[in-house]
Amino acid sequence: MRFAVIVFPGSNCDIDMFHAVKDELGAEAEYVWHDEENLDRFDGILLPGGFSYGDYLRTGAIAQFSNVMDEVKKAAQAGKPVLGVCNGFQILLETGLLPGAMRRNESLKFICQPETLNVVNNETMFSSSYEKDEEIVIPIAHGEGNYYCDEETLKQLEEENRIIFRYKNNPNGSISDIAGIINAKGNVLGMMPHPERAVSELLGSADGLKLFQSIVKSWRENHVLSS
């Protein structure tokens, strides 16, 4: 399986993402600059964290207009796995690939610390290697991680089981303790915590590795075992 690690001006977690996929997961990975106009050669798309375009206007607001985002949308429509972490999640919200919006943390402070998450739904291509209700430790690092959506959207997310991760101790004020959600099709995940920074016990936790393993397992089931 081959992953594209999308790099925008201001990305700063792309190296972490590349390391997680190539060195810890053992999959193929390639850095892809934001002006790329073809992602057909990739099986999965990764939007890393950082401060794309300096977070001017709003987090992710400018990045949504990059050439590569048209290709990310095509990949999502084709059913390929798309993972957006932190700023990547914010970009997915701005492009409309996921519902809702991101606001400043309730404390109005940047928060960087490990957080315990609850695995709400383990029946997705991103979470199948976890147990339902499993508690995992994944670090966060954001100033605008306060996820918000209206009541109708929240009801839809809950009824369709699209909330994948919740915070055990909500650090930022996110509605319904939401840490990560998927699209209706189930192949686009946005989350504020950084699984790529939790792929080895040397980093304090290896709980994030199961997320990447889930993606590869799903891809193999659909493309290798079925062929």
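A brief look at the structure comes next. (Residues numbered from 1 in each chain as written. Predicted model: local features only at pLDDT ≥ 70, side-chain atom pairs only at ≥ 80, totals over all residues. Heavy atoms only, no water.)

**Digging into the pairing of strand 10 (residues 178–182)**
How we decide: Buried, partly exposed and exposed residues are distinguished by accessible area as a fraction of the type maximum, computed with a 1.4 Å probe on protein chains only: under 20%, between the cut-offs, and over 50%, respectively. Comment: elements are numbered from the N terminus, with helices defined as DSSP H or I runs of at least four residues and strands as E runs of at least two. By definition, two strands form a pair when at least two bridges between them are found by DSSP.
Counting buried residues along strand 10, 5 of its 5 residues qualify, which places the element largely inside the surrounding structure. Note: strand 9 (residues 163–167) against strand 10, 3 bridges, orientation antiparallel. Paired with Arg 166 across the strands is Ile 178, a residue of strand 10. Where strand 10 lies against strand 11 (residues 188–191), 3 bridges are found, and the strand directions are antiparallel. By the bridge assignment for strand 11, Ile 182 is matched with Leu 189. Count of turn residues in the strand 10/strand 11 antiparallel hairpin: 5 residues, of which Gly 186 carries a positive phi of about 90 degrees.

**Focus on helix 2 (residues 67–77)**
In plain terms, the rule: Throughout, the arc means that of the directions going from the helix axis to the C-beta atoms. The contact criterion used throughout is that any non-hydrogen atoms of two residues lie within 4.5 Å.
Turning to helix 2, its buried residues number three or more, namely Val 68, Met 69, Glu 71, Val 72, Ala 75 and Ala 76. For helix 2, the buried positions fall inside an angular range of 155 degrees around the axis, keeping them on one side. The inward-facing, buried residues of helix 2 abut strand 1 (2–7), strand 2 (28–33), strand 3 (44–47), strand 4 (82–85), helix 3 (87–95) and strand 11.

**Quick look at the nonpolar core**
Basically, it comes down to this: What makes a nonpolar core is a set of buried Ala, Val, Leu, Ile, Met, Phe, Trp, Tyr and Cys residues whose side-chain atoms join them at distances within 4.5 Å.
Core analysis: the largest hydrophobic core is formed by 70 residues, its most contacted members being Phe 165 and Leu 211. Tallying contributions element by element places helix 5 (residues 209–223) first for this core, with 6 residues. Other than its neighbours up to four places away in sequence, Leu 211 contacts Leu 83, Phe 126, Tyr 130, Phe 165, Leu 189, Met 191 and Pro 195.

**Observations concerning the pairing of strand 4**
We apply this condition: The definition of a right-handed crossover adopted here requires that, viewed with the strands pointing away, the path from the first strand over the helix to the second runs clockwise.
Of the two faces of strand 4, the one carrying Val 82 and Gly 84 and the one carrying Leu 83 and Val 85 are both buried. As judged from the 3 bridges shared by strand 3 and strand 4, these two strands associate in the parallel manner. What sits directly across from Ile 45, in strand 4, is Val 82. Chirality of the crossover, the property in question, places the unit of strand 3, helix 2 and strand 4 among those that are right-handed. Pairing between strand 4 and strand 11: 4 bridges, direction parallel. Residue pairing for strand 11: Val 85 is matched across the bridge by Met 191.

**Some remarks on the packing of aromatic side chains**
Condition: Whether two aromatic rings pair depends on their centres lying within 6.5 Å, for rings of Phe, Tyr and Trp, where Trp uses its six-membered ring; planes under 30 degrees apart make the pair stacked, over 60 edge-to-face, and the rest tilted.
Enumeration over the complete set of coordinates arrives at 3 aromatic pairs. A ring pair is formed by Phe 18 and Tyr 31, whose centres lie 4.5 Å apart and whose planes are at 20 degrees; its orientation type is stacked. Pair noted here: Phe 18 is in helix 1 (residues 14–25) and Tyr 31 is in strand 2, with a separation of 13 residues, a long-range link. The class of Phe 18 is buried, set by a relative accessible area of 18%. Assessed through its relative accessible area of 38%, Tyr 31 is described here as partly exposed.

**Considering the sheet that holds strand 6 (residues 111–119)**
Counted only if it meets this: Every axis in this analysis is a line fitted to C-alpha atoms, fitted for helices over the stretch in contact. Angles between the N-to-C directions lie between 0 and 180 degrees.
The mixed open sheet is built from 9 strands, whose spatial order is 2-1-3-4-11-10-9-6-7. For this open sheet the edge positions go to strand 2 and strand 7 (135–142), each flanked by a neighbour on one side alone. When the angles between neighbouring strand axes are averaged without regard to direction, this sheet yields 25 degrees. Along the sheet face, helix 2 touches strand 1, strand 2, strand 3, strand 4 and strand 11 and points at about 135 degrees away from the line of strand 3.

**A look at the side chain of Ser 205**
Basically, it comes down to this: Polar contact is the term for a pair of N or O atoms within 3.5 Å; when the atoms are in protein, one must be able to donate a hydrogen and the other to accept it, and sequence-neighboring residues count only if both atoms are side-chain atoms.
Along the chain, Ser 205 falls in the loop between strand 11 and helix 5. Reaching out from Ser 205, the side chain makes a polar contact with the backbone nitrogen of Asp 207 at a distance of 3.1 Å. Filtering out sequence-adjacent residues up to four positions away, Ser 205 remains in contact with Val 137, Ala 198, Val 199 and Ser 200.

**Quick notes on unusual backbone geometry**
Even without a glycine there, the phi angle at Cys 86 is positive, about 55 degrees. Mapped onto the secondary structure, Cys 86 falls in the loop between strand 4 and helix 3. The residue Asn 161 is not glycine, and still its phi comes out positive at about 55 degrees. Relative to the assigned elements, Asn 161 resides in the loop between helix 4 (151–159) and strand 9.

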